[in-house]
Amino acid sequence: QLQLVESGGGLVQPGGSLRLSCAASGKTFDYYRVGWYRQAPGKEREAVACISSSGGRQFYADSVKGRFTISRDNAKNMVYLQRNSLIPEDTAIYYCAAPCGLGYPDYWGQGTQVTVSS
């Protein structure tokens, strides 16, 4: 089983930046496309970013394109989400999940809360 653990969430002011991290263990990490999803209270889960197993291909939701950057370091079994120019609408629980891009992911982290507020 692939285990995923998110970290880096917290409170940030509008316009600020925050980097989320996803640490993987239990299986060969570089086999998977890994993505970030988010869910705010009363809203559906939204896929925000996905990165290929090699890191060469990336997907972003229109709502975050140009502000968020997904990256990975397979040697460290890590995936990151750099979030710039944050707005209150980015407030949500963010989940690391795999595989992304071809259906409902099989593996999920526990989630990390991100709150964007002044």
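Shown above is the structure to which this text applies.
What comes next is a walk through the structure.

Brief notes about the overall build of the protein
The helix and strand tally for the protein stands at zero helices and 11 strands. For 118 residues, the compact-globule estimate of 2.2 N^0.38 gives 13 Å, and the C-alpha radius of gyration of the protein, at 13 Å, lies within 12% of that figure. Dimensions of the protein, computed from the C-alpha atoms along their principal axes, are close to 40 × 25 × 20 Å. Split into buried and exposed, the 118 residues of the protein put 44% on the buried side.

Structural notes on the pattern of salt bridges
Two side chains of opposite charge can pair, provided their charged atoms sit close to one another. Under the definition given, this model contains four salt bridges. Notably, a salt bridge pairs Asp-62 with Lys-65, separated by 3.6 Å at the nearest N-O pair. Note that Asp-90 and Arg-67 form a salt bridge whose closest N and O atoms lie 2.7 Å from each other. Here Asp-90 is found in the loop between strand S8 (78–83) and strand S9 (92–98), whereas its partner Arg-67 is found in the loop between strand S6 (58–60) and strand S7 (68–73), with 23 residues between them in sequence. Comparing Asp-90 with Arg-67, the two get one shared label, buried. By sharing partners, the salt bridges in this structure join Arg-38, Glu-46, Arg-67 and Asp-90 into a single network.

A closer look at the state of the cysteines
Applying the stated criterion across every chain yields a total of two disulfides. Two residues, Cys-22 and Cys-96, share a disulfide whose sulfurs are 2.0 Å apart. The disulfide joining Cys-22 to Cys-96 has a torsion of about -75° about its S-S bond and is therefore left-handed. With Cys-22 in strand S3 (residues 18–25) and Cys-96 in strand S9, the pair connects residues that are 74 residues apart, well separated along the chain. Assessed through its relative accessible area of 0%, Cys-22 is described here as buried. Through a disulfide, Cys-50 is tied to Cys-100; the S-S separation comes to 1.8 Å. The sign of the S-S torsion, about 80°, decides the handedness of the disulfide formed by Cys-50 and Cys-100: right-handed. Of this pair, Cys-50 sits in strand S5 (residues 46–51) while Cys-100 sits in the loop between S9 and strand S10 (107–108), placing them 50 residues apart in sequence. Once the bonded cysteines of the protein are numbered in order along the sequence, the disulfide links fall as 1-3, 2-4.

What to know about the packing of aromatic side chains
One pass over the full model with this rule turns up five aromatic pairs. On the numbers, 5.9 Å between centres and 85° between planes, the contact of Tyr-32 with Tyr-107 is edge-to-face. Taken together, the residues Tyr-32 in the loop between S3 and strand S4 (34–39) and Tyr-107 in strand S10 connect sequence positions 75 residues apart. Residue Tyr-32 is classed as buried on the basis of its relative accessible area of 9%. Take Tyr-107: its relative accessible area is 12%, and that puts it in the buried class. Ring-pair connections join several aromatic residues into one group, and the members of that group are Tyr-37, Tyr-95, Tyr-104 and Trp-108. Its guanidinium or amino end placed over the ring of Phe-29, Arg-72 lies 4.6 Å from that ring's centre, counting from NZ or CZ.

Reading the values: rules and limits
- Residues numbered from 1 in each chain as written.
- Predicted model: local features only at pLDDT ≥ 70, side-chain atom pairs only at ≥ 80, totals over all residues.
- Heavy atoms only, no water.
- Helix = DSSP H or I, 4+ residues; strand = E, 2+ residues; numbered from the N terminus.
- Rg over C-alpha atoms; globule rule 2.2 N^0.38 Å.
- Buried < 20%, exposed > 50% of the residue type's maximum accessible area, 1.4 Å probe, protein only.
- Salt bridge = Lys/Arg side-chain N within 4 Å of Asp/Glu carboxyl O.
- Disulfide = S-S within 2.5 Å.
- Phe/Tyr/Trp six-rings, centres within 6.5 Å; stacked < 30°, edge-to-face > 60°.
- Lys NZ or Arg CZ within 6 Å of the ring centre and 35° of its normal.

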